[in-house]
Amino acid sequence: MQFPWKKKKVAMRHLRRTLGLAAGIGAMLLFCAASRAQSILTYHNDAARSGLFVMPHLTWQRAGGLHLDPDFDARIEGHIYAQPLFWHDRQTGRKLVIVATEDDVVYGIDAHDGRVVWKKSLGHPVPRSALPCGNIAPLGITGTPVIDGNKDALYLDAMVEAEGGSGAQHLVFGLSVSDGSVLRGFPVNVAEVLRARGMTFVPRVQNQRGALLIVQNKLFIPYGGHYGDCGQYHGWIVGIDLNDPGSVTAWSTRAAGGGIWAPGGISYDGHSLFVATGNTKNAREWADGEAIIRLGLDLKTSTDRRDFFAPADWKALDDSDLDLGGVNALPLDVSDPDGKTALLLALGKDGKAYLLDRTNLGGIGGSRAVERVAHNAIITAPAVLPTQNSSVVAFEGSGAVCPNKVSNPGLTVLKIEAHPAPKISTIWCGEIRGRGAPIITTDDDNSNPIIWMVGADGDDRLHGYRADTGAPVFTGGGPAESMQGLRHFVTILACDDRLFVAGDGRIYAFKP
């Protein structure tokens, strides 16, 4: 495989245009250039959920010297599942790390020293005892928020124990990112606005796990169910017009179940929205479960086989709870001799990778290539690095075929090719114990690519590997670099020449 790291800055600029890279955030690890202090507005740095960050001067050699920043001491209250975001105020120059917790509290934290600049409580989170099932206690803000850089506004969904006996409610908030104040027209009660349109949304059985997305001044929010699959929930996408928050559209799966619960939520390739759905309940005929669904910004349903994909054995996956919806759909523009081929990658709990033609998803059984790539369920967010005539994709999972023969292959790296035919192969696996979501960083000339992952719920340490060979460049550091309270699926945020990792009660910052 050729890794053209020296193709100059023009290559990176072209790459960023191709992927539509909006400045974004990595759920628990964020990299930004200190000189540029680029804001990170959304999960995995862009609407395509690429997980690719430019980190000037973070070379393979310098990565080995990472250590906790002694000047940064950020203490918060509550469990954290959502990826933090990074905000650089254009007028004041202030830089904030934005953190949302399961206590229904949002923090604006000074990115230099960790001091709390502002704190906003949005209500009482829902206790586990008030829900039919689940494994998050209490339940507040789970899905990663999103920032509108034009409006200087932060948007999120909070599960709130409403007053007056109405029980658990999903409330969508818009906040000023500078001080946390609630914006006019918010919060929006999701069940109420959908009821007014003749739709039934039962907040008690719906959970909001996936990242939110903004496209063309419209906010999109994905919903699934709780751990345990209880109740007659559905997979939902709710769209809110940010100029008129009362104007709402929605799409939901036809069958019960089919939740959209991947940490990456909704992905967007510049033309269409894509979501991955989970198992449906008692569906005798396919009804939107175990699928990749393409939607327009109007969220209208299409029955054209070009606009959906489900594996041929979708019913067996349903019956075994082997969701395709554990990982967000990943758009890929793979270089080939004729230009670029528009593909899309889906990763399932069955351990398989499905490669799709993005212009024609193919309907039932319509994938272009399928490979078993993991021994275990794949349920976190992947990251992608475009290379010459291929793309490199990293995901958390125990590799089914590891050329480098590691004993605990917790990170698997694939090569995706388009020519002469779509192809999936494993190029190396990383030795790691934990369930974090990887990201990828490069220097500003597209050199020194590093794949980063946190061993969440495992060794609770930060790990970095050369993208080309899999050679470790950082193996967690010493005793001082050990972290606590990391929730599974934790992702990394790279900004201000540092890597930020969010854990319960504390944000960690690593610097070279």
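Note that the structure is a prediction, hence the values are computed from the model and not measured.

Enquirer: Help me out: how do you make sense of the overall build of the protein chain in this one?
Expert: Broken down by element type, the protein chain carries four helices and 36 strands. On C-alpha atoms alone, the protein chain measures out to a radius of gyration of 21 Å, which is about the 24 Å that the 2.2 N^0.38 rule sets for 512 residues. Judged by the C-alpha coordinates and their principal axes, the protein chain covers about 60 × 50 × 40 Å. In the protein chain, once contacts between residues fewer than 6 apart in sequence are set aside, the share between residues at least 24 apart is 59%. Surface summary for the protein chain: the accessible area is close to 17900 Å², and the carbon and sulfur share equals 46%.

Enquirer: What is the right way to look at the nonpolar core in this model?
Expert: Inside soluble globular proteins, nonpolar side chains tend to come together where they are buried. Residues Ile109, Trp452, Val454, Leu462, Ile507 and Phe510 are the most contacted members of the largest nonpolar core, which totals 41 residues. Put simply, the parts of the chain that give this core at least two residues each are strand E6 (95-100), strand E7 (105-110), strand E31 (450-454), strand E33 (472-474), strand E34 (493-495), strand E35 (498-503) and strand E36 (506-511). When residues no more than four places from it in sequence are discounted, the contact partners of Ile109 are Phe72, Ala74, Ile76, Lys95, Leu96, Val97, Val99, Gly114, Arg115, Val117 and Ile507. With 22 residues, the next largest nonpolar core counts Tyr268, Val275, Leu295 and Trp314 among its residues.

Enquirer: Can you help me understand the state of the cysteines in this one?
Expert: Any covalent bond linking the sulfur atoms of two cysteines counts as a disulfide. Scanning all chains against the criterion turns up two disulfides. The residue that forms a disulfide with Cys402 is Cys429, at a sulfur-sulfur distance of 2.0 Å. Since a negative S-S torsion denotes a left-handed disulfide, the Cys402-Cys429 link at about -80 degrees is left-handed. One end of the pair, Cys402, is in the loop between strand E27 (390-396) and strand E28 (409-417); the other, Cys429, is in strand E29 (residues 423-431), with 27 residues separating them in the sequence. The exposure class assigned to Cys402 is buried, which follows from its relative accessible area of 12%.

Enquirer: Sorry, what's going on with the sheet that holds E6 here?
Expert: Think of a sheet as strands paired side by side through backbone hydrogen bonds, with each pair either parallel or antiparallel. With antiparallel pairing, four strands are arranged side by side in an open sheet as E5-E6-E7-E8. Edge positions in the sheet fall to strand E5 (85-88) and strand E8 (116-121), since each of these pairs with one other strand and no more. Direction aside, the axes of adjacent strands within the sheet are offset by 20 degrees on average. Here E6 pairs with E7 via five bridges, running antiparallel. Paired with Leu96 across the strands is Asp110, a residue of E7.

Enquirer: Would you explain unusual backbone geometry in this entry?
Expert: Most peptide bonds adopt trans geometry, and most residues besides glycine take a negative phi value. Here the residue pair Ala137 and Pro138 is connected by a cis peptide bond, since its omega of -10 degrees sits within 30 degrees of zero. On the secondary structure map, Pro138 appears in the loop between E8 and strand E9 (146-148). With omega at 5 degrees, the peptide bond leading from Phe186 into Pro187 counts as cis. Assignment of secondary structure puts Pro187 in the loop between strand E11 (167-176) and strand E12 (188-189). The residue Asn448 is not glycine, and still its phi comes out positive at about 55 degrees. In this fold, Asn448 is placed in the loop between strand E30 (439-442) and E31. Of the residues examined, Asn448 reaches a relative accessible area of 14% and is grouped as buried.

Enquirer: Looking at this structure, I do not really get the environment of Pro187. What am I missing?
Expert: Classification of Pro187 by relative accessible area gives partly exposed; the value is 39%. In this structure, the C-alpha to C-alpha distance between Pro187 and Gly246, residues 59 residues apart in sequence, is 10.0 Å. For Pro187, the contacting residues outside a window of four places in its chain are Leu171, Val172 and Phe173.

Enquirer: Help me out: how do you make sense of the packing of aromatic side chains in this one?
Expert: Each pair of aromatic rings is reported with the distance of its centres and the angle of its planes. This structure, assessed with the given rule, holds eight aromatic pairs. Between Tyr155 and Phe186, the ring centres sit 5.6 Å apart and the planes meet at 55 degrees, which makes this aromatic pair tilted. Of this pair, Tyr155 sits in strand E10 (residues 153-162) while Phe186 sits in the loop between E11 and E12, placing them 31 residues apart in sequence. Ring centres of Phe474 and Phe510 lie 6.4 Å apart, and the angle between their planes is 70 degrees; on these two criteria the pair is classed as edge-to-face. Here Phe474 is found in strand E33, whereas its partner Phe510 is found in strand E36, with 36 residues between them in sequence.

Enquirer: Looking at this model, I keep getting lost on the confidence of the model for the protein chain. Mind explaining?
Expert: On average, residues of the protein chain carry a pLDDT of 92, and 93% of them reach 70 or more. Scored below 50 in pLDDT, residues 4-35 makes 137 contacts in the model with residues more than four places away or belonging to other chains.

Enquirer: Mind showing me how you'd approach the side chain of Ser272 here?
Expert: In this structure, Ser272 sits in the loop between strand E17 (267-268) and strand E18 (273-276). Not counting residues up to four positions away in its chain, the partners in contact with Ser272 are Ser267, Arg294 and Leu295.

Enquirer: Which parts of the structure should I look at to understand the pairing of strand E19 (residues 292-295)?
Expert: Regular strands place side chains that alternate from one sheet face to the opposite one. The side-chain alternation of E19 yields two buried faces, one formed by Ile292 and Arg294 and the other by Ile293 and Leu295. As paired strands, E18 and E19 are joined by four bridges and run antiparallel to one another. The residue bridging Ala276 from the neighbouring strand is Ile292, located in E19. As defined by bridge partners, E19 adjoins strand E20 (residues 308-310) across two bridges and the pair is classed as antiparallel. By the bridge assignment for E20, Ile293 is matched with Phe308.

Enquirer: Please explain the pattern of salt bridges as it appears in this structure.
Expert: Two side chains with opposite charge may pair up if their charged atoms get near one another. For the coordinates displayed, the defined rule picks out 17 salt bridges. Measuring nitrogen to oxygen at the nearest pair gives 2.8 Å for the salt bridge that ties Asp269 to Arg358. In this pair, Asp269 sits in the loop between E17 and E18 while Arg358 sits in the loop between strand E23 (352-357) and strand E24 (363-364), placing the two residues 89 residues apart along the sequence.

Enquirer: Is there a simple way to explain the sheet that holds E33 in this structure?
Expert: Judged by pairing direction, the sheet is mixed, and its five strands sit side by side in the order E2-E30-E31-E32-E33 without closing on themselves. Either end of the sheet is taken by a strand with one partner, and the two such strands are strand E2 (52-54) and E33. Adjacent strand axes in the sheet meet at a mean angle of 30 degrees, parallel and antiparallel pairs treated alike. Here five bridges tie E31 to strand E32 (residues 462-466), and the two strands are oriented antiparallel to one another. Directly across from Val454, in E32, lies its bridge partner Leu462.

Here is what the cut-offs are and how they apply
Residues numbered from 1 in each chain as written. Predicted model: local features only at pLDDT ≥ 70, side-chain atom pairs only at ≥ 80, totals over all residues. Heavy atoms only, no water. Helix = DSSP H or I, 4+ residues; strand = E, 2+ residues; numbered from the N terminus. Rg over C-alpha atoms; globule rule 2.2 N^0.38 Å. Contact = heavy atoms within 4.5 Å. Areas by Shrake-Rupley, 256 points an atom, 1.4 Å probe, with all protein chains shown as cover. Core = buried A, V, L, I, M, F, W, Y, C linked by side-chain atoms within 4.5 Å. Buried < 20%, exposed > 50% of the residue type's maximum accessible area, 1.4 Å probe, protein only. Disulfide = S-S within 2.5 Å. Pairing = 2+ DSSP bridges. Axes fitted to C-alpha atoms, helices over the stretch in contact; angles between N-to-C directions. Phe/Tyr/Trp six-rings, centres within 6.5 Å; stacked < 30°, edge-to-face > 60°. pLDDT = per-residue confidence, 0-100. Salt bridge = Lys/Arg side-chain N within 4 Å of Asp/Glu carboxyl O.

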